[in-house]
Amino acid sequence: MADFDAIIIGAGMSGMYQLIRLRELGMKLRVLEAGSGVGGTWYWNRYPGARFDSESYSYGFSFDPELLQEWSWSEHFAPQPETLRYLNRVADKYDLRRDIQFNSHVTAAHYADGGWTLTLADGSRQTARFLITAIGPLSAPTLPRIDGIESFRGPCFHTARWPHEGVDFAGKRVAVIGTGATGVQTIQEVAKTAGHLTVFQRTPNWCAPLHNRPITEEEQRRIKQDYPAMFQRCAETFACFLHSADPRGTFEVTKEEREAFYEELYASPGFGIWVGNFKDSYTDPAANAEISDFIAAKIRARVKDPRVAEMLIPRNHGFGTRRVPLETRYYEVYNQPNVELVDSKATPILRITPTGLTTSERDFEFDIIICATGFDGLTGAFDRIDIRGRDGVALKQAWSAGARTLVGMLAEGFPNMFMLLGPHTALGNIPRSIEFNVEWVSALLAHMQQHHLTEAEPRPEAVEAWMAHVMECSIGLLSNEVDSWFTGVNTNVEGRQTRTVARYSGSAPAYRARCDAIAAGGYRELRLGAASGAAPG
Ligand code: NA7
């Protein structure tokens, strides 16, 4: 007899919502969470300046109309402390903590005889029939592989492991390594107080203005009134954002119209400039060059020193083919006398020393080193747990040539394991995907309960067909020709140097339609039955 019907790993947004939904099935549940509180991404990423790039109201949970009316977001793009408060409010409202075991780092999950045995870092074990991973697509932080990183005498930390007590930069010599979405948010904030800030940029990214501002009372009223229509819009767009691609092609309009449209997007809040652009912006190299040139001109206009401006303009990829960091006066930071930009491709960091770091050109002294060096995306969090399925086969091994899933939520050979944000689920405005996936898994478990079924596993032919669809969706995207976590590349992780089709790049509506069809057809893509060695429940 297992300790629990289901164990959920992770108490971020997906784990929290899954707990709420599975309680409705009367299941005995346990959530195991490595942190000391709920919130996942918003619990861990406490670096200064961390905030949404999705409009706040489009990001919150949609399932509870009462909560939607009770909670008021203060800004169009809320900062991390507010989001963490919001998620704690949800945990309070649903009394979630009674089923969550905090400070519990899962090191292994092994399947046998119809159930899973989980091992924690303290050596303790817990068993459950169902294992639900709610471990996030960007939750395994990676420090730079640079010699001597352990030797630095001052504070040196990854942005996703930011000290809870905060960090004072006043008058300090600070280094930031990395200029992705996280680095950009961090840099623009740290530059305000640091004595001297040195940014080590290996690859510049194309950034665009966030245009954040407080939500007025009138806007608040309208937001609360319009929630159903707004969530309906999110359900219809490609990536669940409020923005969707313009149906026109870049060259269907005149040069003047094109420029005017780019200007309008650049002046508008949020991801419109990225996901609301001309429909061929990320598939047609000539179209992509147009928007890239437009953004490059903006960078040149905003950065006073032409040498620095040129350093900030990406050369090896076009606009929007990697995740676009949204910024607030990021480029102007480089006009400040206390900020220096170092090209880490031209002059690589050779080693970190007790007092700073050494590049191929010179020595630097620092009080604090911040690593905004990203995550082992999509599959990294899975790799960090010793997950073994049928016959002791390791998931890491099974996925050594790339993840293989059915709709990103199930893996062949790993019965009764459901991945809420596994590779090949629709990403984008993530909470929208979380709600769908949680509800899909909950419906499957309800179906199993109803029919006295105890084991679920995807059929090989269904996995094959899904993987063919994943591959097909990726054809023709310019983003596939660029190194980033989108293409499974992380230079700091062994074996992640070559591009793969690491994510699902179809639309969220198409993704949901496929999942819905599986459910509507009675789950024929799954082998559902009584587990060998386990009595039907
Ligand atoms: P990203 O986007 O993966 O960015 C990581 C950055 O760190 C990027 O600029 C990297 O340069 C840089 N990096 C990584 N390792 C090194 C080393 N060893 N030396 C120098 N520079 C390095 O991660 P983020 O946290 O910014 O964003 C991840 C997602 O979180 C984001 O897309 C949002 O959706 C939320 P590189 O480009 O590899 O040359």
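Residues numbered from 1 in each chain as written. Predicted model: local features only at pLDDT ≥ 70, side-chain atom pairs only at ≥ 80, totals over all residues. Heavy atoms only, no water.

So, the nonpolar core
Test applied: Put simply, a nonpolar core is a bunch of buried Ala, Val, Leu, Ile, Met, Phe, Trp, Tyr and Cys residues held in one set by side-chain atoms that sit within 4.5 Å of each other. The rule is simple: take the accessible area with a 1.4 Å probe, protein chains only, and divide by the maximum for that residue type; under 20% is buried, over 50% is exposed, in between is partly exposed. Secondary structure follows DSSP: runs of H or I at least 4 residues long count as helices, runs of E at least 2 residues long count as strands, and numbering of each begins at the N terminus. Residues count as neighbours in contact if any of their non-hydrogen atoms are within 4.5 Å of one another.
Counting 127 residues, the largest nonpolar core has L197, Y334, V407 and W440 as its most contacted members. In terms of residues, this core owes the most to one element, helix α16 (residues 430-450), which gives eight residues. Setting aside residues up to four positions removed in sequence, L197 forms contacts with V174, V176, I187, V190, A191, N338, V339 and E340.

What to know about the sheet that holds strand β9 (residues 196-201)
Under the convention used in this document: Two strands qualify as a pair provided that DSSP identifies no fewer than 2 bridges between them. Here an angle of 0 to 180 degrees is reported between the N-to-C directions of two axes, which are lines fitted to C-alpha atoms, with helices fitted over the stretch in contact.
Read across the sheet, five strands follow the order β7-β16-β8-β9-β12 without closing on themselves; strand pairing throughout is parallel. Looking at strand neighbours, the two that pair on one side only are β7 (156-158) and β12 (339-343), the edges of this open sheet. Pairwise comparison of adjacent strand axes, ignoring direction, gives a mean angle of 20° for this sheet. In this structure, β9 lies alongside β12, joined through five bridges in parallel fashion.

Side note on the site of the ligand
Here is the rule: Here a residue counts as near a molecule or strand whenever at least one of its heavy atoms sits within 4 Å of it. The Shrake-Rupley method, run with a 1.4 Å probe, gives the accessible areas here. Residue values count only the displayed protein chains as cover. Each residue gets one of three labels, nonpolar for Ala, Val, Leu, Ile, Met, Phe, Trp, Tyr, Cys and Pro, charged for Asp, Glu, Lys and Arg, and polar for the others, Gly among them.
For the ligand, the set of nearby residues contains 18 residues, the closest of which are T182, R202, T203, W485 and N492. In the complex, the protein chains occlude 82% of the 780 Å² of accessible area that the ligand would expose alone. Class assignment of the residues belonging to the shell around the ligand gives a composition of seven nonpolar, eight polar and three charged.

Section: the packing of α16 against helix α18 (residues 508-520)
This is how the line gets drawn: Oblique is the label for any angle not covered by the other classes, which are roughly parallel (under 35 degrees), roughly antiparallel (over 145) and roughly perpendicular (65 to 115).
Where α16 meets α18, the closest approach of the two axes is 11 Å, and the angle between their N-to-C directions is 10°. Comparing their axes, α18 and α16 come out roughly parallel. On the side of α16, the interface is formed by F436, N437 and W440, while α18 contributes Y511, R512, C515, D516, I518 and A519.

Examining the pairing of strand β8 (residues 173-177)
Burial analysis of β8 places four of its five residues in the buried class, the great majority of the element. The sheet contact formed by β8 and β9 spans five bridges and is parallel. From the neighbouring strand, R173 faces β9, where its bridge partner is H196. Relative to strand β16 (residues 368-371), β8 is paired through four bridges, and the arrangement is parallel. Looking across to β16, one finds that A175 is bridged to I369.

Details of the sheet that holds strand β15 (residues 363-365)
An order of β13-β14-β15 is seen for the three strands of this open sheet, with the pairing classed as antiparallel. Since the sheet does not close on itself, it has two edges, and those belong to β13 (349-353) and β15, each with one partner. Taking the axes of each pair of neighbouring strands and ignoring which way they run, one obtains an average angle of 20° across the sheet.

What about the pattern of salt bridges?
What counts is decided by this rule: Each reported salt bridge corresponds to a side-chain nitrogen of Lys or Arg within 4 Å of a carboxyl oxygen of Asp or Glu.
Under the defined criterion, the tally for this structure stands at 35 salt bridges. Between E310 and R300 there is a salt bridge, and its shortest N-O distance comes to 2.7 Å. With E310 in helix α12 (residues 306-312) and R300 in helix α11 (residues 285-302), the pair connects residues that are ten residues apart, well separated along the chain. Since its relative accessible area comes to 31%, E310 is described here as partly exposed.

A short note on the environment of M409
One can find M409 in the loop between α15 (395-398) and β18 (417-419). The spatial distance from the C-alpha of M409 to the C-alpha of H424 is 8.0 Å, given a sequence separation of 15 residues. The residues contacting M409, other than those within four sequence positions of it, are M417, F418, M419, T425, N437, W440, V441, Y511 and C515.

Section: the packing of helix α1 (residues 13-23) against helix α5 (residues 80-93)
Definition in use: Take the far helix as the reference: if the near one is turned anticlockwise from it by less than a right angle, the crossing is left-handed, and if turned clockwise, right-handed.
Remark: α1 packs on α5, axes separated minimally by 11 Å, with the N-to-C direction vectors making an angle of 15°. Classified by the interaxial angle, the pair formed by α1 and α5 is roughly parallel. Note that α1 runs across α5; the crossing there is left-handed. Residues M13, M16 and I20 of α1 lie in contact with α5, whose contacting residues are L87, V90 and A91. Across the contact of α1 with α5, the residue classes break down as six nonpolar, no polar and no charged.

Things to note about the confidence of the model for the protein chain
We apply this condition: Per-residue confidence from the predictor is given as pLDDT, running between 0 and 100.
Looking at the protein chain as a whole, its pLDDT mean stands at 97, while 99% of the residues score no less than 70. In the model, residues 533-537 has pLDDT below 50 throughout and makes ten contacts with residues more than four positions away in sequence or in other chains.

Some thoughts on α1
Judged by how many residues are buried, α1 sits mostly within the fold: ten of eleven residues are covered. Restricting attention to buried positions, one finds in α1 the residues M13, S14, G15, M16, Y17, Q18, L19, I20, R21 and L22.

Thoughts on unusual backbone geometry
Unlike most non-glycine residues, C240 shows phi in positive territory, near 70°. Topologically, C240 is positioned in the loop between α8 (227-236) and α9 (255-266). Accessibility expressed as a relative area gives 0% for C240, which makes it buried. Residue H424 is not a glycine yet carries a positive backbone phi of 75°. Checked against the element boundaries, H424 lands in the loop between β18 and α16. Accessibility expressed as a relative area gives 2% for H424, which makes it buried.

Regarding the packing of aromatic side chains
Condition: Aromatic rings from Phe, Tyr and Trp, with only the six-membered ring used for Trp, were paired whenever their centres fell within 6.5 Å, and each pair was classed as stacked if the ring planes differed by under 30 degrees, edge-to-face if by over 60, and tilted otherwise.
Scanning the entire structure with this criterion turns up 37 aromatic pairs. Summarising the aromatic geometry, the rings of Y17 and F63 are spaced 4.5 Å apart at their centres and angled 25° between planes, so their arrangement reads as stacked. Here Y17, found in helix α1, pairs with F63, found in the loop between α3 (56-59) and α4 (65-70); they are 46 residues apart in sequence, far enough to count as distant. Relative to Y523, the ring of W440 has its centre 6.0 Å away and its plane inclined at 75°; by these criteria the two rings are edge-to-face. Of this pair, W440 sits in helix α16 while Y523 sits in the loop between α18 and β20 (526-529), and the two are 83 residues apart along the sequence. By the burial criterion, W440 is buried, and Y523 matches it.

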